[in-house]
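A closer look at the structure
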Amino acid sequence: MGLMPATVVLLHGFAGTGRAWDPVIARLDPERYTALAPDLRGHGAASGARPIDFDAVTADVLAAAPGRFALCGYSMGGRIAQYVAVAAPERIERLVLVATSPGIEDDAERAARRAADEELAAFADGATIEAFADRWAGQPLFAGTPPEAARIWREDILRNDPRGLAAVLRGLGTGTMPSLWSRLDRLDMPTAVLAGARDAKFVALGERIAAALPRGELTIVPGAGHGLPREAPEAVAAAIADGTAV
C-alpha cells in the first residue's frame, strides 16, 4: 500500500503565473507529489485580486494548502515562501528557496529599491503586456537565458495584466518587504537553497541564507542563471524530492 502523495506548493516569480512551474511539475513523480501552483495575487487569473500585500498573499497560500506541505518559491515567490514559513512554521515539512532573498536589511538600500520598483510600476501602469515583457526580460539579471527557456518565459509573462503587475511591485516589491534576515534562525524545517552559478548576486545571498538557517543546505546549479524553474527544472525538482519520504 503506497503512501498518499505529499503536497508541494509552488510559488512563482514576479510577472509569472502558476504555469511557470510546468517544466518542474513534469519532472516530479506524481505518485509521490501533488503539486499546487497557484497564480499569486496580481498575476494571471488573480490579476484583479486586491489588496496586494504580504499578509494577504500569505493567507491565500495557507488557505489553499493542506495542513502539512512542502513549500517551494522562486525569486518573489521565494520571498513570499519565507513569509509563509515565518507565519506557520509548523505546517511546512520542507522549504525550497530558489534564487531568492529574505529582503534588504539596509534602510537606504531598501528605499532605493522601493523607488526603482515604483518607477517600473509607473511604466507598467501605461504599458502593454508585450512592452512590459520586453523591459522585464531585458534586464542584466536575465542575460544569457537560453532560447527555449526564454520562449516559455515570455509566454508566461503574457498571461499577466500590466496593471496587476504594477500593484504587485507596489505591494510585494523587495523595497516594500520588511527584512526577514533576523527571523531565519527560527525556521528549523529542512531547507534547500538554490542559485544558478551564473547568478552571482543570488549565489552570494544563497550562501548567507543557507548559513543563517538551522537546517539550510545550498546547491549551486552549474551553468544556470537566475530563472531556475525554466532553465534548470531538473535541479529544482531534485531539490523538492530530496529528503522527502519516498
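Scroll up to find the structure.
Below, the structure is looked at part by part. (Residues numbered from 1 in each chain as written. Predicted model: local features only at pLDDT ≥ 70, side-chain atom pairs only at ≥ 80, totals over all residues. Heavy atoms only, no water.)

Re helix α7 (residues 162-172)
Threshold: Accessible area is worked out with a 1.4 Å probe on protein chains only. A residue is then buried under 20% of its type maximum, exposed over 50%, and partly exposed in between. Working definition: helices are DSSP H or I runs of at least four residues, strands are E runs of at least two. Numbering for both runs from the N terminus. The contact criterion used throughout is that any non-hydrogen atoms of two residues lie within 4.5 Å. Contacts described as polar in this section are N or O atom pairs within 3.5 Å, which, within protein, must combine one atom able to donate a hydrogen with one able to accept it, while residues neighboring in sequence count only if both atoms come from side chains.
Burial runs high along α7: 9 of the 11 residues are buried. Of the positions making up α7, those classed as buried are P162, G164, L165, A166, A167, V168, L169, G171 and L172. Of the surrounding secondary structure, the elements contacted by the buried residues of α7 are α2 (54-64), α3 (76-87), α4 (107-125) and α5 (129-137). A side-chain oxygen of the first residue of α7 lies 3.0 Å from the backbone nitrogen of R163; this N-cap is D161.

As for the sheet that holds strand β1 (residues 6-11)
Definition in use: When DSSP finds at least two bridges between two strands, those strands are taken to pair. Here, axes are lines fitted to C-alpha atoms. For helices the fit covers the stretch in contact, and angles between N-to-C directions go from 0 to 180 degrees.
Within the open sheet, the 6 strands sit side by side as β2-β1-β3-β4-β5-β6. Their pairing is parallel. The sheet is open, and its two edges are formed by β2 (33-36) and β6 (216-221), each paired on a single side. Each strand of the sheet is rotated relative to its neighbour by a mean of 20°, with strand direction disregarded. With 4 bridges connecting them, β1 and β2 associate as parallel partners. Note that in β2 the partner of V9 across the bridge is L36. Contacts from α3 reach β1, β3 (69-74) and β4 (92-98), with the element oriented near 145° to β3.

Digging into the packing of aromatic side chains
Basically, it comes down to this: Put simply, two rings from Phe, Tyr or Trp (the six-membered ring, in Trp's case) pair if the centres are within 6.5 Å, and we call them stacked under 30 degrees between planes, edge-to-face over 60, tilted for the rest. In this analysis the charged atom, NZ for Lys or CZ for Arg, is taken to sit over a ring once it is within 6 Å of the ring centre and within 35 degrees of the ring normal.
As enumerated under the stated definition, the model contains 7 aromatic pairs in all. Aromatic ring contacts, followed pair by pair, group F14, F123, F132, W136, F142 and W153 into a single cluster. For the cation-ring pair, R135 lies above F123, with the distance from its terminal atom to the ring centre recorded as 4.7 Å. The ring of W181 is capped by R208, whose NZ or CZ atom sits 3.8 Å from the centre of that ring.

Describing the nonpolar core
Using the following cut-off: The term nonpolar core refers to a set of buried residues drawn from Ala, Val, Leu, Ile, Met, Phe, Trp, Tyr and Cys, joined through side-chain atoms within 4.5 Å.
Residues L71 and I240 are the most contacted members of the largest nonpolar core, which totals 74 residues. Here I240 is in contact with V8, L10, V24, L28, Y33, C72, R94 and V96, once residues within four sequence places are set aside.

Concerning the environment of V203
Structurally, V203 can be placed in helix α8 (residues 200-212). Between the C-alpha atom of V203 and that of Y74, which follows or precedes it by 129 residues, the distance is 14 Å.

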